[in-house]
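Listed below, chain by chain, are the residues.
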Amino acid sequence: MISIIVPIYNTKDYLKDCIRSIRNQTISDWEAILIDDGSTDESSGVAMEFVKQDPRIKYFKTEHKGLSNARNLGIQKASGDLLFFLDSDDLINPELLKIQQELIRNEHACIVSCKLTSNFQKATKAKLSFKKKLFSAEKAIESTLYQREISSSMCGKLFKKVLFDNLQFTKGIFYEDLDIFYRVFEKCNKIVNIDFPGYFYRKRQGSILSEWNNSRLNVLEVTENIEKYIRKNYPTIVKAAIHRRFSANCNMFLLSYQNGITLDQCWQIIRKYRASILADSQCRLKNKAGALISYFGPGVFLFFSRFK
């Protein structure tokens, strides 16, 4: 059975569509674990409407402690041997869980990842033809750090629940997915990625990453920890970890400046790794451009960032 974990926080305007997309799945062997993270709007009322209609939908309310806490609680409450994380303002294609469940079984994989898209029509009307690619744990981590086929998002992926034994999302931080993904991946013998755009995410005002918050600077520590971990455990893919840390520092340097903050530590990391980025043939063109422009100084770097 698949346990679908849905953290909820003040998303009453989107929650109905989210839950309906679960109920529209072409497989029936699932349960939805709705974790209300202390919502102050009418989200609880929306959730309870569905609880009354469908015994597979379960609702739990907690104090507002953040996304990580809600997901951890959802894992504890889950009865299935497979887990799927779905944000409460997002939707999934009716065929997605069926496709992923079959691949878990047929490929003897631990994780099946799909493509995330902000295009509603693409997600809901996607053709069932798709390409799949198999990864070892190390290659999947490398792909994610290079920001290529596999994203670091926990959403849109079907996991064997056993992967989360003795492993939890870190509480109280942003970028909790980036913080945990490699520790989940490394428990896998095989990961399957499909280019099926089965997960629709909304870009909306008020979402966690749509507005500036100093907690967004957590990504600097998260990517520093990733680099340290990769250097110790996966030395052959250190360049990928450098790529991800460089990208995070560029983003935070630009975003903080736009919000009246100057982060010298970010600029130091950009200077430290820019030569490595330019020498790495696998780095994204965006990162290479940033590395090259950085040689002209922070003022020029900030000027050209307006045209990204």
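So, a few notes on the structure that sits alongside this text. Note that the structure is a prediction, hence the values are computed from the model and not measured.

1. So, the pattern of salt bridges
Piece 1. Counted according to the given criterion, the structure contains 17 salt bridges.
Piece 2. Of the charged contacts in the structure, one is a salt bridge between Glu224 and Lys228, with a shortest N-O distance of 3.5 Å. Residue Glu224 and its partner Lys228 are located together in helix α8 (residues 218-233), separated by 4 residues, close to a single helical turn.
Piece 3. On the basis of relative accessibility, which here comes to 29%, the residue Glu224 falls in the partly exposed class.
Piece 4. Note that Arg231 and Glu227 form a salt bridge whose closest N and O atoms lie 2.9 Å from each other.

2. Some points on helix α3 (residues 67-77)
Piece 1. Here α3 lies mainly inside the structure; 8 of its 11 residues are buried.
Piece 2. Within α3, the full set of buried residues consists of Ser68, Asn69, Ala70, Arg71, Asn72, Leu73, Gly74 and Ile75.
Piece 3. Contacts made by the buried residues of α3 are with β1 (2-8), β2 (30-37), β3 (57-62), β4 (82-85) and α7 (176-185).

3. Points about unusual backbone geometry
Across residues other than glycine, the phi torsion is negative in most instances, and most of the peptide bonds are trans.
Piece 1. At His108, a residue that is not glycine, the phi angle is positive and equals roughly 55°.
Piece 2. Tracing the sequence through the fold places His108 in the loop between α4 (96-106) and β6 (111-113).
Piece 3. Judged by relative accessible area, which is 58%, His108 ranks as exposed.
Piece 4. Positioned with a positive phi, Tyr175 is a non-glycine residue whose angle comes to about 60°.
Piece 5. Mapped onto the elements of the fold, Tyr175 is located in the loop between β9 (157-160) and α7.
Piece 6. A residue is classified by how much of its surface remains accessible, and Tyr175, at 17% relative accessible area, is buried.

4. Some thoughts on the sheet that holds strand β11 (residues 199-200)
Piece 1. In spatial order, the strands read β5-β11-β7; together these 3 strands make up an open sheet with mixed pairing. Only two strands of the sheet have a single neighbouring strand rather than two, namely β5 (91-92) and β7 (116-117).
Piece 2. For β5 and β11, the ladder comprises 2 bridges, and the chain directions are antiparallel. Bridge pairing links Ile92 to Tyr199 in β11.

5. Notes on the environment of Val112
Piece 1. By the element assignment, Val112 lies in strand β6.
Piece 2. Sequence-distant contacts of Val112, that is, excluding residues within four places in its chain, are made with Gln100, Leu103, Ile104, Gly156, Lys157, Leu158 and Val192.

6. Focus: the sheet that holds β9
Piece 1. Pairing is mixed in the open sheet, where 8 strands are placed in the order β3-β2-β1-β4-β9-β6-β10-β8. Two strands bound the open sheet, and with one partner strand each, they are β3 and β8 (132-135). Taken pair by pair, the neighbouring strands of this sheet meet at an average axis angle of 20°, ignoring direction.
Piece 2. In terms of strand pairing, β6 meets β9 through 3 bridges, oriented antiparallel. Directly across from Ser113, in β9, lies its bridge partner Lys157.
Piece 3. Against the sheet, helix α6 (residues 137-145) makes contact with β8 and β10 (191-194), and its axis sits at roughly 115° relative to β8, the strand it touches most.

7. Details of the side chain of Gln101
Piece 1. As for its position among the elements, Gln101 is in helix α4.
Piece 2. With a relative accessible area of 8%, Gln101 lands in the buried category.
Piece 3. When sequence neighbours within four positions are dropped, the list of residues in contact with Gln101 reads Ile2, Ile27, Leu82 and Leu158.

Analysis parameters
Residues numbered from 1 in each chain as written. Predicted model: local features only at pLDDT ≥ 70, side-chain atom pairs only at ≥ 80, totals over all residues. Heavy atoms only, no water. Salt bridge = Lys/Arg side-chain N within 4 Å of Asp/Glu carboxyl O. Helix = DSSP H or I, 4+ residues; strand = E, 2+ residues; numbered from the N terminus. Buried < 20%, exposed > 50% of the residue type's maximum accessible area, 1.4 Å probe, protein only. Contact = heavy atoms within 4.5 Å. Pairing = 2+ DSSP bridges. Axes fitted to C-alpha atoms, helices over the stretch in contact; angles between N-to-C directions.

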